[in-house]
Amino acid sequence: MDKDLLVSQIMEKLQNMDAAGATGAAGAAGAAPQLSVGEAGKNYKLFSPGEQNGFTELVGTGLGDTIGLVIPNLDAGIHVRLGIDKKIRSLGIISSRSAVGPQCMGADDALKSSNCELVMVQLPRDTKGGAGHGILIIFGAEDVSDARRAVEITLKSFEWSWGDQYGNEAGHCEVQYTARAGEVLATCFNAKPGKAWGIICGAPAAVGLIMADRAAKAADIEIVMHATPNLNTSNSNEFMIMFTGDSGAVKQAAIEGREIGIQALTILGGPPVSSGGKPYIF
Amino acid sequence: MDKDLLVSQIMEKLQNMDAAGATGAAGAAGAAPQLSVGEAGKNYKLFSPGEQNGFTELVGTGLGDTIGLVIPNLDAGIHVRLGIDKKIRSLGIISSRSAVGPQCMGADDALKSSNCELVMVQLPRDTKGGAGHGILIIFGAEDVSDARRAVEITLKSFEWSWGDQYGNEAGHCEVQYTARAGEVLATCFNAKPGKAWGIICGAPAAVGLIMADRAAKAADIEIVMHATPNLNTSNSNEFMIMFTGDSGAVKQAAIEGREIGIQALTILGGPPVSSGGKPYIF
Amino acid sequence: MDKDLLVSQIMEKLQNMDAAGATGAAGAAGAAPQLSVGEAGKNYKLFSPGEQNGFTELVGTGLGDTIGLVIPNLDAGIHVRLGIDKKIRSLGIISSRSAVGPQCMGADDALKSSNCELVMVQLPRDTKGGAGHGILIIFGAEDVSDARRAVEITLKSFEWSWGDQYGNEAGHCEVQYTARAGEVLATCFNAKPGKAWGIICGAPAAVGLIMADRAAKAADIEIVMHATPNLNTSNSNEFMIMFTGDSGAVKQAAIEGREIGIQALTILGGPPVSSGGKPYIF
């Protein structure tokens, strides 16, 4: 046996296994969402025409296995089946395997800055073995450039909107906060348009419940909606509250909930990791 | 330190880790379905009486963690609870952790070639952390040999029926096509009996939507059913269309949908792998 | 190239990859539930005040990513939203990513030995990519020490109650048995209070169906409830029967079901492992 050759073969094999292992670990239930290609902002990537390779509907990708598309002129048969208003010609689409909060925060901003309406929001039971949901958001516009703009703004928000989502092998917790809710948060989560709004979510469900209890006791908030495995979810293993109030109270509640959520997850599965890289609520 | 011995130990350790890694990777969300034992056709295995070890109801196994059983004479209490017609004495059962399309294509063939009826089809939310469903199919017959035959035909179809299903860490896409739909596809997916039928499915849902849009624009098809996370699924992260038309158009639509589905998945997670080994729709 | 150095580097790399691989395997869908910290009884851990780190609601943790909490005085707004009776001041909570049976067996014992009522039981679709459910159980009491006691008794039951649950990469099977059902089993699973009760569950669903068929033929049991992907589950890939009868028959049925369940799972994915370490039904 040629030992030199054997040792070289071993080193090559190790390098191949290491690469495969990194990809596998990334896909494991509970691990931080992955982005296979990144650009300057590593939480999303916008594709230039030169990078589309004939896939002209492609706008970009992002954390959570998110794909962003525009369909300038949806097939008429599908248009009718989806019950979309005839005046809407172009669709902008955000579709993710994992998470709801970051995408909804981004979509809320998107509708403030582009001439679109919210056509559809659906929450599949997903997160690739995790405890929560994925999401399908469809914007509608008469003009394709508005639809594209909405998708781009949503993807760009990924730079901050994933920051207060934390996960480990045992579960996840997430908080979101805005001083001024728009149409998406009002439609999906009972936010009062123009008012502060927040959400607290934890999994398994008792993590969300203790987050909610601590938050509601810490600040003067008004709960406008809640979610459990049997209510307002797709049977996810989550407990959530969605709330309003003055912006200081809403922010304080989110901060309080985040703290105990991280502590509870740490006890179950070690220190959870921020999906987006850094928190944004202070 | 005996370097020769150390190098031999390293090589042995690498071989063990490689075997474990293959099994682990196989179980990871989105990886190609596995079959732990194979025979000549590696996508399924039929068990001879000598291999059953007293498990006389066992017919075989297949991709997607599929088990095929016959129950010659189901317990009367369970028979009543499941609401099965009294004249049906024997059941043939196909049950999988992953996928719906391949099993339904095989079952559709099975009912054409065996004296059975379709008793039940249910779609649990499964795929072992993936974005889709598993399946439970129950055939009923007066004669146990008919029930067994239906299960065998379904399993044997796995040699081709998994071929146009593709998956990677980010999601999956699948197309199926037949020139002549039978009872299973008519009952489950609104196929017109005796006519061509196809299905296009992608995950996350926007992958299925762009597949459907491209397909419907490429060929003159009639959509007979569709599915979204909120409709006709168990909250899976999929969009699907089921369609009919003349066989050339249905096949062309499937081919068109497959192409953009593979392209979209590649952007999200690298080139997807055919679950069955090779496509069958050309 | 310094071969000695290279060989040492290879060995070190192998040791690091092995450690990472063990953690990954633990999280993979279908692997035995994990407990990150254990005490004398390794299936659960109770936290003393000194270990709580300010998290005074924390009672303990257990297999299945279970957390046990008490909330002495739930926030009034959440209390109202959850529709909890005003007289209930304190909540005891059991919340798990994986499994239902062990927790319900423990909760059934808990209600026999503490002055609590059953406020809520919900079954999210979970098991971290597996085929079944997680659980959320809420006990209610006027006195926080009763709520705490109920949670402690439930967690302590994990020493035996996980023992007849088996899993591998392909699925799982589980049986439970009691000679004397209490309020939790009566409320959730149609047990007759004070009478023997058992449950048989298997995944994928046909595993549960053959377990049920063999069990019902082996012993004189009365089926009081059943579950399929479409009925009495959150679209899990399971088939279950819940049954009563004299205690000898109920136990015999559970034993019979367990045997064929383990055999079926072995064929699909190799010998399944007992989640709790050792069976308790003999």
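Look above for the structure.
Here is what the cut-offs are and how they apply
- Residues numbered from 1 in each chain as written.
- Chains lettered and ligands numbered in written order.
- Predicted model: local features only at pLDDT ≥ 70, side-chain atom pairs only at ≥ 80, totals over all residues.
- Heavy atoms only, no water.
- Pairing = 2+ DSSP bridges.
- Helix = DSSP H or I, 4+ residues; strand = E, 2+ residues; numbered from the N terminus.
- Contact = heavy atoms within 4.5 Å.
- Axes fitted to C-alpha atoms, helices over the stretch in contact; angles between N-to-C directions.
- Least-squares fit on C-alpha atoms with pLDDT ≥ 70 in both.
- Parallel < 35°, antiparallel > 145°, perpendicular 65-115°, else oblique.
- Left-handed = near helix turned anticlockwise from the far one by under 90°.
- Nonpolar A, V, L, I, M, F, W, Y, C, P; charged D, E, K, R; others polar.
- Buried < 20%, exposed > 50% of the residue type's maximum accessible area, 1.4 Å probe, protein only.

K.L.:
I'd like to hear about the sheet that holds strand β8 (residues 171–178) of chain C, residue by residue, with values.
P.N.:
All names here are of chain C. The six strands are arranged β10-β11-β9-β8-β7-β12 in an open sheet whose pairing can be described as antiparallel. The sheet is open, and its two edges are formed by β10 (222–227) and β12 (273–274), each paired on a single side. Judged from the seven bridges that link them, strand β9 (residues 196–203) and strand β11 (residues 239–245) form a sheet pairing that is antiparallel. Across the sheet, I200 pairs through a bridge with I241, a residue of β11. Contacts between helix α3 (residues 101–113) and the sheet are confined to β7 (165–168), β8 and β9, with β8 contributing the most and set at about 15 degrees to the helix. Each of β7, β8, β9 and β11 touches helix α8 (residues 247–269); the most contacted strand, β8, lies at about 170 degrees to it.

K.L.:
Account for the relation of the copies chain C and chain B, naming residues and giving values.
P.N.:
You can overlay chain C on chain B at an RMSD of 0.0 Å; the transform is a turn of 120 degrees with a shift of 0.0 Å along its axis. Given the turn and translation reported, the copies of this chain are related as if by a three-fold rotation axis.

K.L.:
Talk me through the packing of helix α4 (residues 101–113) of chain B against helix α5 (residues 144–156) of chain B; I want residue IDs and the actual numbers.
P.N.:
All names here are of chain B. Two elements in contact, α4 and α5, have axes whose closest approach is 8 Å; the angle formed by their N-to-C orientations is 140 degrees. Between α4 and α5, the angle is such that the two are oblique. Two packed elements cross with a definite hand, and for α4 against α5 that hand is right-handed. Residues Q103, G106, A107, D109, A110 and S113 of α4 form the contact with α5, whose own contacting residues are R149, A150, I153 and T154. Looking at side-chain class alone, the contact of α4 with α5 contains four nonpolar, four polar and two charged residues.

K.L.:
Quick rundown of unusual backbone geometry? Include the residues and the values.
P.N.:
Cis geometry is found at the peptide bond from A:A203 to A:P204, where omega equals -5 degrees. With respect to the helices, strands and loops of the structure, A:P204 is situated in the loop between β9 (196–203) and α8 (205–218). Positive phi values are uncommon outside glycine, yet A:A99 reaches one of about 85 degrees. Along the chain, A:A99 falls in the loop between β4 (90–96) and α4 (101–113). Accessibility expressed as a relative area gives 7% for A:A99, which makes it buried. Phi angles above zero are rare outside glycine, and C:N53 is one such case at about 55 degrees. With respect to the helices and strands, the residue C:N53 is situated in the loop between β1 (44–46) and β2 (58–62). Overall, the relative accessible area of 68% leaves C:N53 in the exposed class.

Fair warning: the whole summary comes from geometry, so function is off the table for now.
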